[in-house]
Amino acid sequence: MTTYAALLRGINVGGSRKVPMAELRTLMEGLGYDGVRTYLQSGQAVFAAGHGDEDSLAAELAGAIEKQFGFAVDVLVRDHAYLTAVADACPFPAADLEPKQLHVTYFSAPVTEDRFAELDRDAYLPEEFRLGDRCLYLYAPDGLGRSKLAGDLARPRLNKGLIGTSRNWNTVLKLVELTAEA
């Protein structure tokens, strides 16, 4: 059995695309996943599975969610080792920052600097981003809600062909912790 976190994109935001966490847990248990737990209402679930890999589990869960709730949801599945590696590789001084200042966007595939070449990074300072293994680290000193860089990084043309979903640093660390416990 491998322990994973499922990251659901864009659910339970602004009163739409509602996926109640209790129903999500029941659905995931019905797929044969063990130790299913959810974290917050914004689309994180931890589970163990003895079959499949990250991509096949994500596809299986996305299909079941669409069938159950009637709308498509992008799902990324990542194992504990990956989540730990992302947290450990943070290029910013996470221990010295407020969690609201640091975010990770997890991507469905590797990303390169070429994808973001059109952005004038100096124009956004003191906001910054750095790339990692299928992820992007964002330092937004005034928080995500006030970040001009975050909005520009989310442009569809920059993310074409990718699923991307962001989590604040508290959630990044909590997913490491939860996947270690399962």
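Above this text sits the structure in question.
Figured I'd write up the structure that's included with this text.

Criteria and thresholds
Residues numbered from 1 in each chain as written. Predicted model: local features only at pLDDT ≥ 70, side-chain atom pairs only at ≥ 80, totals over all residues. Heavy atoms only, no water. Helix = DSSP H or I, 4+ residues; strand = E, 2+ residues; numbered from the N terminus. Contact = heavy atoms within 4.5 Å. 1 Å grid on protein atoms, 1.4 Å probe; cavity = no way out; pocket = protein on both sides within 12 Å on 5 of 7 lines; lining within 4 Å. Points joined across faces, edges and corners; volume = space filled by probe spheres on them. Nonpolar A, V, L, I, M, F, W, Y, C, P; charged D, E, K, R; others polar. Pairing = 2+ DSSP bridges. Axes fitted to C-alpha atoms, helices over the stretch in contact; angles between N-to-C directions. Phe/Tyr/Trp six-rings, centres within 6.5 Å; stacked < 30°, edge-to-face > 60°. Buried < 20%, exposed > 50% of the residue type's maximum accessible area, 1.4 Å probe, protein only. Lys NZ or Arg CZ within 6 Å of the ring centre and 35° of its normal.

Relative to the helices and strands, D152 resides in helix 4 (residues 148-153). Ignoring anything within four residues of it in the chain, the contact list for D152 reads L119, Y124 and L158.

All right, on to the layout of surface pockets then. Size it by volume and the largest pocket reaches roughly 760 Å³. R9, T105, G164, T165 and S166 are the residues nearest the centre of the largest pocket, which is lined by 31 residues in total. Residue assignment for the lining of the largest pocket shows that the elements contributing at least two residues are strand 5 (102-107), strand 7 (135-139), helix 4 and strand 8 (164-168). Sorting elements by how many residues they give to the lining of the largest pocket places strand 8 first, with five residues. Looking at side-chain class alone, the lining of the largest pocket contains 15 nonpolar, 11 polar and five charged residues.

Let us look at unusual backbone geometry. Of note, the amide linkage connecting L125 to P126 takes the cis form, showing an omega dihedral of 15°. Position of P126 among the secondary structure elements: in the loop between strand 5 and strand 6 (128-132). Despite not being glycine, R134 shows a phi value in the positive range, around 55°. Looking at the secondary structure, you find R134 in the loop between strand 6 and strand 7.

In space, the four strands of this open sheet follow the order 6-7-5-8, with antiparallel pairing throughout. In the strand order of this sheet, the two ends are held by strand 6 and strand 8, each with one partner. Shown here is a sheet whose adjacent strand axes are inclined to one another by a mean of 20°, direction ignored. On top of the sheet, helix 3 (residues 80-88) reaches strand 5 and strand 7; it is set at about 140° to strand 5, its chief contact.

Strand-to-strand pairing in sheets goes through backbone hydrogen bonds, with the strands running parallel or antiparallel. Across the sheet, which stays open at both edges, the four strands sit in the order 2-3-1-4 with antiparallel pairing between neighbours. Strand pairing shows two members of the sheet lacking a second neighbour, strand 2 (34-39) and strand 4 (75-79), which therefore form its edges. Looking at each pair of strands side by side, their axes are set apart by 20° on average, direction ignored. In this structure, strand 2 lies alongside strand 3 (residues 44-49), joined through four bridges in antiparallel fashion. The partner of T38 across the bridge, within strand 3, is A45. Those strands touched by helix 1 (residues 21-30) are strand 1 (2-8), strand 2 and strand 3, and its axis lies near 160° from that of strand 2. The strands touched by helix 2 (residues 54-69) are strand 1, strand 3 and strand 4; relative to strand 4, the strand with the most contacts, the crossing angle is about 140°.

Attention now goes to the packing of aromatic side chains. Overall, the coordinates contain six aromatic pairs when judged by the stated rule. Aromatic pair Y33 and F47: ring centres 4.4 Å apart, planes at 25°, arrangement stacked. A residue pair is termed long-range when its members are at least 10 positions apart, and Y33 in the loop between helix 1 and strand 2 and F47 in strand 3 qualify at 14 residues. You'll find Y33 and F47 in the same group, each marked buried. Consider the rings of F69 and F71, whose centres lie 6.4 Å apart with planes at 40°: the pair is tilted. Overall, the relative accessible area of 17% leaves F69 in the buried class. Each member of the aromatic cluster is reached from another via a ring pair, and the members are Y4, Y33 and F47. Taking NZ or CZ as reference, R121 lies 3.8 Å from the ring centre of F129, over its face.

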